[in-house]
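# Breakdown of the fold
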Amino acid sequence: MSPLSRRAARQAPPPPASAASDWDAPELPPVARFAHGSRVPGWDDAVDLTKDPAVVPDLATTPVPTGLRETVEAAMARYPDPRSASIPALHAAQHEYGWCSPEAIEQVAAVMHVTPAYLTSVATFYDMLVTQPKGANDVFVCTNISCSLRGADELFRAMNVAAEDDDEITVRSFECLGACDIAPMASVNGEYVGPLEPADAERIVADLRAGKPVLEAKQLRNRPTADPGTAAS
Ligand code: FES
């Protein structure tokens, strides 16, 4: 196309409304959202202004499990500024207690010599650190664009239904988990599985309850290539 005809095409009027409306948009399920409009929790927790200013907890009077203390100290030793270890330290506390409880944050703060408020600001910012009690198993269903186009909202709904009576399974929708080639996918306790169908939700719950590896045949680690025509070696 010559530059002149390209310009003419750019300046052409939009197609008439009747032509545009010939396309019937498919009916999509509503996206599950929290009351504040986001698909992730925690954006509307108000600050408690009646609280006293936080102080750095005294390690001598704060009981910290030995294993947790060692893990936090090892993380701090890896960085020139020990505060850079905040995320791995909080992750270790979450692993120990199941969530970043106020006590867990207090303990990490004592080891790291920072205020609990500093660590709370980190824990409430990052999506994979949780400051509310939750089940021991995490199922993150990716509902971002690639997964959404391949049925993630239906999968998310099926997953919620399958796990609704089980307090030990926390189901959340998640933004892109970086495995779009196996869309729609989920992270089950960190194990990436996909491509999934709504019927896989029951199996995920059954495997978690049985303490088995989840959907082994659909685990990303067992998949040498995203090409479904290529057999796993
Ligand atoms: S959009 Fe789901 S993994 Fe990227």
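Presented here is an overview of the structure given in this document. (Residues numbered from 1 in each chain as written. Predicted model: local features only at pLDDT ≥ 70, side-chain atom pairs only at ≥ 80, totals over all residues. Heavy atoms only, no water.)

### A short note on the packing of aromatic side chains
For the structure on display, the rule yields 2 aromatic pairs. Centre to centre, the rings of Phe125 and Tyr126 are 4.9 Å apart; their planes meet at 80 degrees, and the pair counts as edge-to-face. The partly exposed category is assigned to Tyr126, whose relative accessible area is 38%. For the ring pair Phe140 and Phe174, a centre distance of 4.4 Å and an interplane angle of 20 degrees mean the geometry is stacked. In this pair, Phe140 sits in strand E1 (residues 137-142) while Phe174 sits in strand E2 (residues 169-174), placing the two residues 34 residues apart along the sequence. The buried category is assigned to Phe140, whose relative accessible area is 7%. Residue classification places Phe174 among the buried residues on the basis of a relative accessible area of 8%. (Phe/Tyr/Trp six-rings, centres within 6.5 Å; stacked < 30°, edge-to-face > 60°. Buried < 20%, exposed > 50% of the residue type's maximum accessible area, 1.4 Å probe, protein only. Helix = DSSP H or I, 4+ residues; strand = E, 2+ residues; numbered from the N terminus.)

### Topic: the sheet that holds strand E4 (residues 191-193)
Spatially, E2-E1-E3-E4 is the arrangement adopted by the 4 strands of the open sheet, whose pairing is mixed. Single-partner strands in this sheet number two, and they are E2 and E4. Looking at each pair of strands side by side, their axes are set apart by 20 degrees on average, direction ignored. When strand E3 (residues 186-188) meets E4, the two strands line up antiparallel, connected through 3 bridges. Counted as the bridge partner of Ser187 is Tyr192 from E4. Strands in contact with helix H9 (residues 200-210) are E1, E2 and E3; relative to E1, the strand with the most contacts, it is inclined by about 160 degrees. (Pairing = 2+ DSSP bridges. Axes fitted to C-alpha atoms, helices over the stretch in contact; angles between N-to-C directions. Contact = heavy atoms within 4.5 Å.)

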